[in-house]
Every structure is written in C-alpha cells, then in structure tokens.
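# Structural description and commentary
As a plain string of letters, each chain reads:
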Amino acid sequence: MIASFNPPNMSRFQNRALIVGVVGLVAMLIGAFINREQFFHSYLIGFTFWAGIAVGSLALLMLQHLTGGGWGLVIRRSLEAATRTLPLIVALFIPIIIGSHSLYEWTDKEKLADPKYAVVKFKEPYLNLPFFSIRALVIFGIWLLLAFFLNKWSLAQDRTGDTRFTKNMRVLSGPGMVLLIFSVTFASIDWFMSLEAEWSSTIYGFIFVASWSLSALAFVIAVLARLADDEPMKRIVAPLHFHDLGKLLLALVMLWAYFAFSQFLIIWSANSPEEIRWYLVRMHGTWGAIIVSVAILHFGAPFLFLLSRNLKRNPHRLVIIALLVLGMRVIDLWWMLIPAFTKEKFGPSWMDIVAPVAVGGLWLSFFAWQLGKRSLIPINDPQFESVMQQQHLSAH
C-alpha cells in the first residue's frame, strides 16, 4: 500500500533547478570578481530567504505534531523534505563566514577604534568572529538535531506503524519549539541585526520567527497545489485541507504584520536617535515607496483575499496568494538588509536579484531530491484514516 503513495518522478524538475542554480552561481562568481563586497551583500539575502523556508518548515512540522489535524498530514512530507535541506543550508553559510569582513563592521578593528563606534566597541565581547562562529555552530546543531529525530521517527512510524514514534515526535516538539524560537532569535540578531551593530530591537527576532514560518507555509502550499493535481495526492487532498492551510496562512500574515508594526510603533514613539535612524533611512525616497508596496501586497491584499472561504478552498487561487507572499518576502528582505550596506542611498545591485535565484536553484534541486525519497503521505500515522474520510466527505 505504501508503494502506491510514492511521489512522482521529480528528476526533470530537480535537474532544471540545478541548472538554474549553477548558472546563477556562475553569474554571482563573475560578480564577485567585479565587486567582492557586493557579492557577499547579495549572497546574504539569497541565503536568508531559502534558509528561512528550511527553518520555518521545521517550526511548522513541530506545530503539526503538537496540534494534529489533516492539514499537517498532507504537507508533512514536504515539510520533512525541506528540513532535510538543512545540511545544505549549513554548507551555504560558509561563504558568510568567509565574507564576514565585507558584511559586518564589527569585524574591522581599525573602525572600532574610532570614537563614533564606541557603542559597537562596547559589544565586542559578544560581537567577535570566533564567538559568532561558535554560536552559529550551536544554532545549526539545534536545528539539525531536531530535524534528524523528527525525520528518523517519522520514517520508523511509516515502516512499523508503532504509535510510540508518534508520541516521541509530539514530546520532542514541545521543548523543540521553544529551542527553535530562541535559536532563530539569536540567529537573526547575529546574522542580520548586527549588520548595523549600533542599532537594536527587542522584537527583531520574533519578526524572523513569524516571517520564516510564513515563507515555509506559502512554499508548501505551492508544492501541495502542484502535487494535488496528480496521483497519488489527488485521491487524498481535499478542499478542506487547503481551507485549513489558508486559515493558517492568514494567521501567519497577521502575526508577521503585528510584530513588524509593533517594532515600528515602539521605536517611532520613543523617537530615540539611536533607534529611529534605522527607519529614517528606510522610509524616504524609493525605500519609502517599497515599504508601502510591502504593506499593501504582503499584508493588505493577502489579508483581504484570505478572508474568502471560496478562495481558501480553491488550490489554484490560494497558490497565487502563496506565491505573492513569497515574492513579497524577498522584497521585504531587500528593504530590511540592503540599506544596512548602502546607508542613505538607494542602491540595489543586479546581484540582489540573481542571488536568491542562484541559491534557490540549488536549494530546490536538493529539496526535490529529498521529496522523492519517501512516500508522499505518512500512511501509518494514526490520523491517516480520518484524513481519508475527510476527503471522501468533502468530495460529496
């Protein structure tokens, strides 16, 4: 029976994605010879977007084990395949360590000697490259261990049908979710907030927790919509599942907007020169227009459309909203990270576009390879029969 739920042959997509990734990477390497610093600036954006989908998938996977429900069962294999790309994410982090002197001002000892960098100098016991690298190893270690056990037990459940593995995944997911939130918070502070080390925000980490989970959900909705058109998922996935996923997408859109607006409101009302300048750079000129478009297309439009029950139950319409969210996540990352390098100027580079495509091609190829390794549905999961009943009732 399990064999009948094998995934479709994804070798063609895998090969095409790999070609796109390699071509994009070659273009980036050519760019590195032209402008080394810009290469690392753009590479960080590409890395951040795809790492967010992998780590966000880990968060959603643990949420599914904690809450149950058919919505999680139909996307579990996609989530698990995304978490198994974390070794690739670790490898892709190496260039960030190599290019740390092009990314982080606090690595420049001469600059720290300047009195105007006294605040950054004060943070030197924390912001130094050896400690930065150790923290990255710990963060990746947490993510890899959580992904390893959740995938191991899920495969064991498939093979044996033993409910003990279901309990193990649920028990791990409770403390695992807490560890994930803390680790993502530290990662966002180290890798992104420290780009402007004189600035700080207490909500910054939660913005990344919400946005990475949102990116992952939008991605797996797109994957499920594609898989649901063909066997074997055509026999299992029902409009009810997309309806539940659409409701969760709406919740995460609202959560991201809440954290992002809360940070703005707190900093703007305090009007502290050390904090407000982060927004001043990003609210004038072209960057100001971009954040307005983010507010409309990343929050306003998805919020309004996802209120519709019919849209949430229609996979072809829901996937348009999911792809819109993914596209706006890239633009939001541009808005957050690029001004840290260009300061007062509006100065995106062609590499800021190529980098997400290059990293994405490699990541998607790896993801497709992993997705093709296991059956698309965890058939021996205790909820499998109820999901099949939901599909039957929904069809009638």
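Residues numbered from 1 in each chain as written. Predicted model: local features only at pLDDT ≥ 70, side-chain atom pairs only at ≥ 80, totals over all residues. Heavy atoms only, no water.

## Notes on the overall build of the protein
A tally of helices and strands in the protein yields 17 helices and zero strands. The principal-axis extent of the C-alpha atoms belonging to the protein is close to 70 × 40 × 40 Å. In the protein, which comprises 396 residues, the share counted as buried stands at 55%. Taking the intrachain contacts of the protein between residues at least 6 apart in sequence as the baseline, contacts between residues at least 24 apart amount to 82%. Of the accessible surface of the protein, which amounts to about 17,400 Å², a share of 68% is contributed by carbon and sulfur atoms. Charge centroids of the protein, computed over 32 positive and 23 negative side chains, lie 8 Å from each other. (Helix = DSSP H or I, 4+ residues; strand = E, 2+ residues; numbered from the N terminus. Buried < 20%, exposed > 50% of the residue type's maximum accessible area, 1.4 Å probe, protein only. Contact = heavy atoms within 4.5 Å. Areas by Shrake-Rupley, 256 points an atom, 1.4 Å probe, with all protein chains shown as cover. Lys, Arg positive; Asp, Glu negative; His and termini not counted. Charge placed at Lys NZ, Arg CZ, Asp CG, Glu CD.)

## A word on the pattern of salt bridges
Tallied over the full model, the rule gives eight salt bridges. Between Asp 158 and Arg 77 there is a salt bridge whose closest N-O contact spans 2.4 Å. With Asp 158 in helix α8 (residues 129-160) and Arg 77 in helix α3 (residues 70-83), this pair connects stretches of sequence that are 81 residues apart. By the burial criterion, Asp 158 is buried, and Arg 77 matches it. If you follow the salt bridges from partner to partner, you end up with Arg 77, Glu 80, Asp 158 and Arg 374 in one network. (Salt bridge = Lys/Arg side-chain N within 4 Å of Asp/Glu carboxyl O.)

## A closer look at α3
Taking 1.5 Å of rise per residue, 14 residues should cover 20 Å, and α3 covers 20 Å from first to last C-alpha, within 8% of that figure. Taking the largest bend as the criterion, α3 deviates by roughly 50°, centred on Arg 76. (Expected span 1.5 Å × (residues − 1). Bend = angle between axes of the 7 residues up to and from the residue.)

## Considerations on the packing of aromatic side chains
Under the definition given, this model contains 39 aromatic pairs. An angle of 90° between the planes, with centres 4.9 Å apart, marks the rings of Phe 49 and Trp 50 as edge-to-face. Here Phe 49 and Trp 50 have matching classes, each one buried. Ring plane angle 25° and centroid distance 5.4 Å describe the contact between Phe 299 and Phe 303, whose orientation is recorded as stacked. A residue pair is termed a helical-turn pair when its members lie 3 or 4 positions apart in one helix, as Phe 299 and Phe 303 do in helix α13 (residues 285-305) at four residues. Taking relative accessible area as the criterion, Phe 299 reaches 30% and is therefore assigned partly exposed. (Phe/Tyr/Trp six-rings, centres within 6.5 Å; stacked < 30°, edge-to-face > 60°.)

## Observations regarding the side chain of Arg 84
Mapped onto the elements of the fold, Arg 84 is located in the loop between α3 and α4 (86-98). Of the side chains with opposite charge, Glu 80 lies nearest to the buried Arg 84, which makes no salt bridge, at 4.5 Å. Reaching out from Arg 84, the side chain makes a polar contact with the side chain of Asn 151 at a distance of 2.7 Å. The contacts of Arg 84, once residues within four sequence positions are left out, are Asn 151, Phe 366, Gln 370, Leu 371 and Arg 374. (Polar contact = N/O pair within 3.5 Å; in protein donor to acceptor, adjacent residues only side chain to side chain.)

## Focus: the packing of helix α12 (residues 273-282) against helix α15 (residues 315-342)
Viewed as axis vectors pointing N to C, α12 and α15 meet at an angle of 105°, and their least axial separation amounts to 10 Å. When the axis of α12 is compared with that of α15, the two are roughly perpendicular. Along its contact with α12, which presents Trp 278, Tyr 279, Val 281 and Arg 282, the element α15 presents Trp 335, Met 336, Pro 339 and Ala 340. Class assignment for the residues of the contact of α12 with α15 results in seven nonpolar, no polar and one charged. (Axes fitted to C-alpha atoms, helices over the stretch in contact; angles between N-to-C directions. Parallel < 35°, antiparallel > 145°, perpendicular 65-115°, else oblique. Nonpolar A, V, L, I, M, F, W, Y, C, P; charged D, E, K, R; others polar.)

## What about unusual backbone geometry?
A positive phi angle, close to 55°, is found at Asn 271, a residue other than glycine. By secondary structure assignment, the location of Asn 271 is in the loop between α11 (239-270) and α12. Asn 271 gets classed as exposed once you look at its relative accessible area, which sits at 52%.

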